[in-house]
Amino acid sequence: MYLYEIRDILDAEVITGKSRMDREVDFAFGADLMSDVLAFVNERTVLLTGLTNPQVIRTAEMMDLAAIIYVRGKRPDAASLKLAEENGMTIMCTPYTLYTTSGILYNAGLKGIDELGVIK
Amino acid sequence: MSQKDMVSLNYRVNAEDFAKAGDASSNTKKVLKKLGIPSDITRRAAVVTYEAEMNIIIHSNGGEIIVNIDTTKIQIIARDYGPGIPDIDKAMQKGYSTASDHVREMGFGAGMGLPNMKRCSDEFEIESKKGEGTTVTSIIHIPD
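About the thresholds
- Residues numbered from 1 in each chain as written.
- Chains lettered and ligands numbered in written order.
- Predicted model: local features only at pLDDT ≥ 70, side-chain atom pairs only at ≥ 80, totals over all residues.
- Axes fitted to C-alpha atoms, helices over the stretch in contact; angles between N-to-C directions.
- Helix = DSSP H or I, 4+ residues; strand = E, 2+ residues; numbered from the N terminus.
- Parallel < 35°, antiparallel > 145°, perpendicular 65-115°, else oblique.
- Left-handed = near helix turned anticlockwise from the far one by under 90°.
- Contact = placed C-beta atoms within 7 Å.
- Nonpolar A, V, L, I, M, F, W, Y, C, P; charged D, E, K, R; others polar.
- Pairing = 2+ DSSP bridges.
- Buried ≥ 20, exposed ≤ 12 C-beta atoms within 10 Å, placed from the backbone.

A.B. asks: Explain the packing of helix 1 (residues 23-34) of chain B against helix 2 (residues 39-59) of chain B to me, please; I cannot follow it from the model alone.
C.D. replies: Each packed pair of helices is defined by two parameters, the angle between the axes and the distance between the axes. Residues and elements named next belong to chain B. Two elements in contact, helix 1 and helix 2, have axes separated by 8 Å at closest approach and are oriented at 160 degrees. By the criterion of interaxial angle, the relationship of helix 1 to helix 2 is roughly antiparallel. Considering only the axes of helix 1 and helix 2, their crossing is right-handed. Packed against helix 1, whose contacting residues are A24, S25, T28, K29, L32 and K33, the element helix 2 presents T42, A45, A46, T49, Y50 and E53 at the interface. Of the residues belonging to the contact of helix 1 with helix 2, the class tally is five nonpolar, four polar and three charged.

A.B. asks: Before we go on, may I ask you to explain the sheet that holds strand 1 (residues 7-13) of chain B in this structure?
C.D. replies: All names here are of chain B. Pairing is antiparallel in the open sheet, where five strands are placed in the order 1-2-3-5-4. The sheet is open, and its two edges are formed by strand 1 and strand 4 (123-129), each paired on a single side. Averaged over neighbouring strand pairs, the angle between their axes works out to 10 degrees when direction is ignored. Along the sheet, helix 1 contacts strand 1 and strand 2 (63-69); its crossing angle with strand 1, the most-contacted strand, is approximately 170 degrees. The strands that helix 2 touches are strand 1, strand 2, strand 3 (73-80) and strand 5 (133-141); relative to strand 3, the one it contacts most, it runs at about 5 degrees.

A.B. asks: Just to check I follow, could you spell out the interface of chain B and chain A for this structure?
C.D. replies: One widely used convention gives an interface's size as the accessible area the parts lose upon coming together. Counting residues at the interface gives 18 residues for chain B and 16 residues for chain A. Sorting the residues of the side of chain B that touches chain A by element identifies helix 1, helix 2 and helix 5 (113-120) of chain B as the ones contributing at least two each. When residues in the side of chain B that touches chain A are grouped by element, the largest group, six residues, is from helix 2 of chain B. Of the residues that constitute the side of chain B that touches chain A, the class distribution is eight nonpolar, seven polar and three charged.

A.B. asks: Sorry, what's going on with the sheet that holds strand 5 (residues 90-93) of chain A here?
C.D. replies: In any sheet, the strands associate via hydrogen bonds between backbone groups, in a parallel or an antiparallel arrangement. Residue and element names in this part refer to chain A. Read across the open sheet, the six strands follow the order 1-5-4-3-2-6; overall the sheet is mixed. Of all the strands in the sheet, the pair left with one neighbour each is strand 1 (13-16) and strand 6 (111-112). With four bridges connecting them, strand 2 (residues 27-30) and strand 3 (residues 45-49) associate as parallel partners. Residue pairing for strand 3: F29 is matched across the bridge by L47.

A.B. asks: What should I look at first to understand the pairing of strand 5 of chain B in this one?
C.D. replies: Looking down a regular strand, the side chains alternate between one sheet face and the other. Residue and element names in this part refer to chain B. Every second residue of strand 5 is oriented toward a common face, the buried set being T134, V136, S138 and I140 and the non-buried set G133, T135, T137, I139 and H141. Where strand 3 and strand 5 come together, seven bridges link them in antiparallel fashion. Directly across from I74, in strand 5, lies its bridge partner I140. Both strand 4 and strand 5 contribute to a ladder of seven bridges, which runs antiparallel. In the strand pairing of strand 5, E125 is matched with T137. Here strand 4 hands over to strand 5 after three residues, with G131 in that stretch at a positive phi of 85 degrees.

In structure tokens, the structure reads:
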């Protein structure tokens with residue numbers, strides 16, 4: 001699924017990385033625990049989170065994640081935005097809650113990383 | 001990189017310096033990318049370095065991260081000045097953590113740090129002495 005499709009179905013506002021909306025992702029992962037992201041995720045994954053500090057961007061940077069979607073109307077802080085810009089990362093904000101966001105994406109065909117058999 | 005070339009990086013990491021958390025790992029990752037190390041290897045090294053950096057910031061009195069890169073491997077040494085890990089077996093258990101609520105609010109302290117580091121390493125070793133400090137050494141092989 002392309003990032004621009006995700007933007008459209010989530011009624012999301014794109015905050016950084018507007019020029020990189022043609023990147024494609026295969027999976028989504030929802031978490032506020034960054035160590036879980038570091039444990040399970042691969043680069044063709046979009047991260048859904050409600051956590052707005054710079055460690056989220058750092059975590060995404062380490063894992064080469066394509067995009068971060070902040071749920072339930074949350075917006076990342078200024079330090080996060082600066083880091084995201086520096087790393088060419090796409091950041092979107094959706095008004096939907098984590099559960100609803102996940103449901104919309106799953107329904108549209110974007111699967112979870114469970115498919116990869118990485119969760120034991 | 002020619003056979004005899006070796007790149008060595010050294011970062012000082014201060015206790016509770018959350019503002020700079022991730023700087024050492026981010027720099028390391030950029031260097032590995034520049035050297036043309038495969039992206040999956042780079043990512044594993046980035047996870048090890050980042051978890052090590054967070055560990056030093058969260059749990060220690062400060063320390064350093066040394067990254068040695070040659071044509072065959074990446075060696076990451078994370079060394080701190082105490083207080084040491086009382087029970088390494090416990091610390092290696094998934095889900096075990098002594099982190100504060102403040103740290104958990106930042107998305108860490110899930111008890112996955114050391115297990116994550118081990119999983120991403122080909123060789124992994126922890127040495128810790130109470131009152132003196134902890135040294136974690138990780139080696140990741142670079143395939144031909």
